[in-house]
Amino acid sequence: MQPVCGQIRRVNARAAAAALVSLCRRAGKAVRRDWQLYVLLFPAFALVFIFSYLPMYGIQIAFRDFKAAFGITGSQWVGLKNFTDFFESFYSTRLLLNTLLLNVYGLLWSFPFPIVMAILLNQINRNRFKRFTQTAIYAPHFLSPVVLVGMLFLLLSPSSGLVNNLVKVFGGQAHDYMMDVTWFRTLFIGSGIWQSAGWNTILYIAALTAIDPGLYEAATMDGATKTQKIRYIDIPHLVPIIVMLLILNSGAMMVSNTDKALLMRTAGNIPKSDIIGVYVYMMGLGSGQFSYVAAINLLVNVINFILIISVNWIARRLNNTSLF
Amino acid sequence: MAQKILPKKKNIIGRTYKDRVFDAVNTAFWFAVLALILYPLWLVIVASVSSADAIFAGRVWLWPVDFSLIGYEALFQHQMLLRSYLNSIIYTAAGTALSVIVTMMASYSLSRKFAGRRLFSLYFIFTMFFTGGLIPQFLMNQRLGLYNTVTLMIIINSLSVWNLMIARTYISTSIPNELYEAAVVDGAGHFTYFFRVILPLSGTIIAVLCVYYGVARWNDFFTGLVYLRDESKFTLQMVLRQLIVTMSAGTALDSLMGFFGDGQQISDAIRKAEVVKYSSIVISTAPVIVLYVQMQKFFVKGVTIGSLKG
């Protein structure tokens, strides 16, 4: 028994060695042939390593009690304490719910606008007017979050803003909308629609221009009106992309639009404007509760990861399309 | 006979009555949308060249009232704003150049077949879906000695995986592989092929990358907020935030003035600050809007390339 076993082992070892050598040789050949490709890839590889993968090593502070003096690995290991602290705190439900609701309402309200706009834009007959309209409706997309929120503050200012001036003209009372918690989501989502609805028409317009003109000609011959063409040609062609974007967008329901929420935050609207991203920034960099905040951030990042992978899986099953 | 008549009547099947109604409604709809989008932008411009008194009295609606450049004069005396404007130009120019070079090189690599390509793609794409989070990122960059440095402001965020995928899709779909084969036959390696063939043929995608990276950099305020401490290194958006947002949200001034109605008791300095808010929006946004109008087709192209699956 013994010698046979040894033989088998020897043979296996020899085969493995041969396989390894051939693999090395092939890899060596590939590297010799394509080394320039690796060189071209290297800067991007290094940047992603430094700014994306190195921080992942730092995630462990979520399970530690981070003290700057001890460094990341030197700080005491506390297991899940930071997570349980979060769930026991008064803020956890509010934060999670604020983040989720802002996104859900945002998606429901903003989603239809680009579709309607793309269909109607496609029906404009005069080319110059169409081009001008397109240029104009894309423009707000290029305003920075600071400028967008700045404009909100200016236009809604109770003392000098346009909106309150209008209200006063019609005999109403000036109101400080930015300080009013009940207006926060409306303003957040509304300004988002104002800024992005036009830009988001691009994909739908691309889909509409890809429709075979023969279909419209045939429909015209059969006496179809424009409304009928929209109903029976445009909309059916848009349905796949609508479904796809809806699915993919719903993967971002726990993502925080930190920039904008942070900018719109005022003393008055905190109960609604407190979302995960803002809380992480305020408590982490503001109050230095690094570990506690890293734990919350990790939790949400894992949720986001699971969400986006699942929606991608669904999208792929449905339509053979996915983000990656 | 019939052939002679035909060209004269261009619309043999004319618009039906229903279509004319539809067109009228559609035109009205678009005029309303355009007004809704353009009026706030127009008002900001108009208010920036009006007098503070006119703004506070609510007399600025459509045209400048009591034309004055007081807001712009104040901006040009604002040392910190000028400094930050220059900083933003530096960060944007250097950062965008770096981004475009790195992205083009990597996207060419990923468009070719070589050992480990799938693994590298996964390496990049994974970071789109999972990140370390703000605090670990902050601590790491601090440990690397990058906190409060110009270097960080230029190299951080210099690779967007999304843009990398757009560029890769562009290269692999619109540059025919026969060119590569021909180049190899002529003795070219990847470097030669990349610099002599790919780059000259990639004008469109390079323009797309420039405008995307450039605008993202110019408009970013969060990176500076997290990583910069010295005011001399601040970005334009950070100073803008102090000028417009913090001034409006931080003080109870606005609500007080709303309470008293006309704001007569507010000093001149504060009235001037209100005009400055408008003019600072104009000077910070003008470069981006001009760029956008000039390069519109590239902006749109980026979205449609990105929607293709690579």
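To be clear, the structure that these remarks concern was listed above.
Here is what the cut-offs are and how they apply
Residues numbered from 1 in each chain as written. Chains lettered and ligands numbered in written order. Predicted model: local features only at pLDDT ≥ 70, side-chain atom pairs only at ≥ 80, totals over all residues. Heavy atoms only, no water. Helix = DSSP H or I, 4+ residues; strand = E, 2+ residues; numbered from the N terminus. Rg over C-alpha atoms; globule rule 2.2 N^0.38 Å. Buried < 20%, exposed > 50% of the residue type's maximum accessible area, 1.4 Å probe, protein only. Areas by Shrake-Rupley, 256 points an atom, 1.4 Å probe, with all protein chains shown as cover. Lys, Arg positive; Asp, Glu negative; His and termini not counted. Charge placed at Lys NZ, Arg CZ, Asp CG, Glu CD. Contact = heavy atoms within 4.5 Å. Core = buried A, V, L, I, M, F, W, Y, C linked by side-chain atoms within 4.5 Å. Salt bridge = Lys/Arg side-chain N within 4 Å of Asp/Glu carboxyl O. Buried area = accessible area lost by both parts, 1.4 Å probe. Polar contact = N/O pair within 3.5 Å; in protein donor to acceptor, adjacent residues only side chain to side chain. Axes fitted to C-alpha atoms, helices over the stretch in contact; angles between N-to-C directions. Parallel < 35°, antiparallel > 145°, perpendicular 65-115°, else oblique. Left-handed = near helix turned anticlockwise from the far one by under 90°. Nonpolar A, V, L, I, M, F, W, Y, C, P; charged D, E, K, R; others polar. Phe/Tyr/Trp six-rings, centres within 6.5 Å; stacked < 30°, edge-to-face > 60°.

Engineer: Explain the overall build of chain A to me, please; I cannot follow it from the model alone.
Structural biologist: Along chain A, the regular secondary structure elements total 16 helices and 2 strands. A compact globule built from 324 residues should have a C-alpha radius of gyration of about 20 Å, whereas chain A, at 28 Å, is more than 25% larger. Across its three principal axes, chain A shows a C-alpha extent of roughly 100 × 65 × 40 Å. Within chain A, buried positions represent 48% of all 324 residues. When the accessible area of chain A is evaluated, it comes to approximately 16,200 Å², of which 66% is carbon and sulfur surface. Measuring between centres, the 26 positive side-chain charges of chain A sit 13 Å from its 12 negative side-chain charges.

Engineer: I tried to follow the overall build of chain B on my own but got confused; where do I start?
Structural biologist: Each helix and strand counted, chain B has 17 helices and 0 strands in total. Looking at chain B as a whole, 51% of its 310 residues are labelled buried. For chain B, contacts bridging at least 24 residues in sequence account for 73% of all contacts bridging at least 6. On chain B, roughly 15,300 Å² of surface is accessible, and the fraction owed to carbon and sulfur atoms is 65%.

Engineer: Would you take a moment to explain the nonpolar core for this structure?
Structural biologist: Residues Trp30, Tyr108, Phe124 and Ile205 of chain B are the most contacted members of the largest nonpolar core, which totals 188 residues. When residues no more than four places from it in sequence are discounted, the contact partners of Tyr108 of chain B are Leu37 and Leu40 of chain A together with Ile171, Tyr180, His190, Tyr193, Phe194 and Ile198 of chain B. Met244, Ile247, Leu248 and Val311 of chain A belong to the second-largest nonpolar core, a separate cluster that totals 5 residues.

Engineer: Where do I start with the pattern of salt bridges in this structure?
Structural biologist: Should their charged atoms come close, side chains of opposite charge can pair. Considering all chains together, one arrives at 9 salt bridges over all chains under this definition. Between Asp274 of chain A and Arg265 of chain A there is a salt bridge, and its shortest N-O distance comes to 3.3 Å. Residue Asp274 of chain A is classed as buried on the basis of its relative accessible area of 5%. Linking Asp230 of chain B and Arg229 of chain B is a salt bridge whose minimum nitrogen-to-oxygen distance equals 3.9 Å. Judged by relative accessible area, which is 28%, Asp230 of chain B ranks as partly exposed. Taken together, the salt bridges that share partners define one network made up of Arg94, Arg265 and Asp274 of chain A.

Engineer: Help me out: how do you make sense of the interface of chain A and chain B in this one?
Structural biologist: The parts lose accessible area when they come together, and the size of an interface is often stated as this lost area. Taken together, the contact pairs 103 residues of chain A with 104 residues of chain B. Among the residues of chain A in contact with chain B, Leu40, Phe51 and Phe142 of chain A are the three that bury the most area, contributing 8% of the side total. On the surface where chain A and chain B come into contact, there are 1 salt bridge. A salt bridge links Lys226 of chain A to Asp23 of chain B, with the shortest nitrogen-to-oxygen separation between them at 2.7 Å. Taken together, chain A and chain B are joined by 20 residue pairs in polar contact (both at pLDDT 80 or more).

Engineer: Explain the environment of Gln242 of chain B here, please?
Structural biologist: Residues and elements named next belong to chain B. Of note, Gln242 is situated in helix α14 (residues 236–250). Judged by relative accessible area, which is 36%, Gln242 ranks as partly exposed. C-alpha separation for the pair Gln242 and Ile101, spaced 141 residues apart in sequence, amounts to 34 Å.

Engineer: Could you clarify how one ought to interpret the packing of helix α5 (residues 112–122) of chain A against helix α10 (residues 201–209) of chain A in this entry?
Structural biologist: Helices that pack against each other are described as a pair by the angle of their axes relative to one another and the distance between those axes. All names here are of chain A. As a packed pair, α5 and α10 sit with axes 8 Å apart at the nearest point and diverge in direction by 45 degrees. Classified by the angle between their axes, α5 and α10 sit oblique to one another. Between α5 and α10 lies a crossing of right-handed hand. Residues Pro114, Ile115, Met117, Ala118, Ile119, Leu121 and Asn122 of α5 form the contact with α10, whose own contacting residues are Thr201, Tyr204, Ile205 and Leu208. Taken together, the residues of the contact of α5 with α10 break down into 9 nonpolar, 2 polar and no charged.

Engineer: Hey, could you run me through unusual backbone geometry in this one?
Structural biologist: Negative phi is the rule for most residues except glycine; trans is the rule for most peptide bonds. The phi dihedral of Asp66 of chain B is positive, around 50 degrees, even though this residue is not glycine. Of note, Asp66 of chain B is situated in the loop between α3 (52–56) and α4 (70–76).

Engineer: What am I meant to see in the packing of aromatic side chains here?
Structural biologist: The relative placement of two aromatic rings is captured by the distance of their centres and the angle of their planes. This structure, assessed with the given rule, holds 40 aromatic pairs over all chains. Here Phe142 of chain A and Trp199 of chain A contribute two aromatic rings whose centre-to-centre distance is 5.4 Å and whose plane-to-plane angle is 80 degrees, an arrangement assigned as edge-to-face. You can see Phe142 of chain A sitting in the loop between α6 (127–138) and α7 (145–156) and its partner Trp199 of chain A sitting in the loop between α9 (184–196) and α10, a full 57 residues away along the chain. Judged on exposure class, the residue Phe142 of chain A and its partner Trp199 of chain A are both buried. In this structure an aromatic cluster arises from ring pairing among Tyr38, Phe45, Tyr53 and Phe305 of chain A together with Phe114, Phe120, Tyr123, Phe124, Phe126 and Phe130 of chain B.

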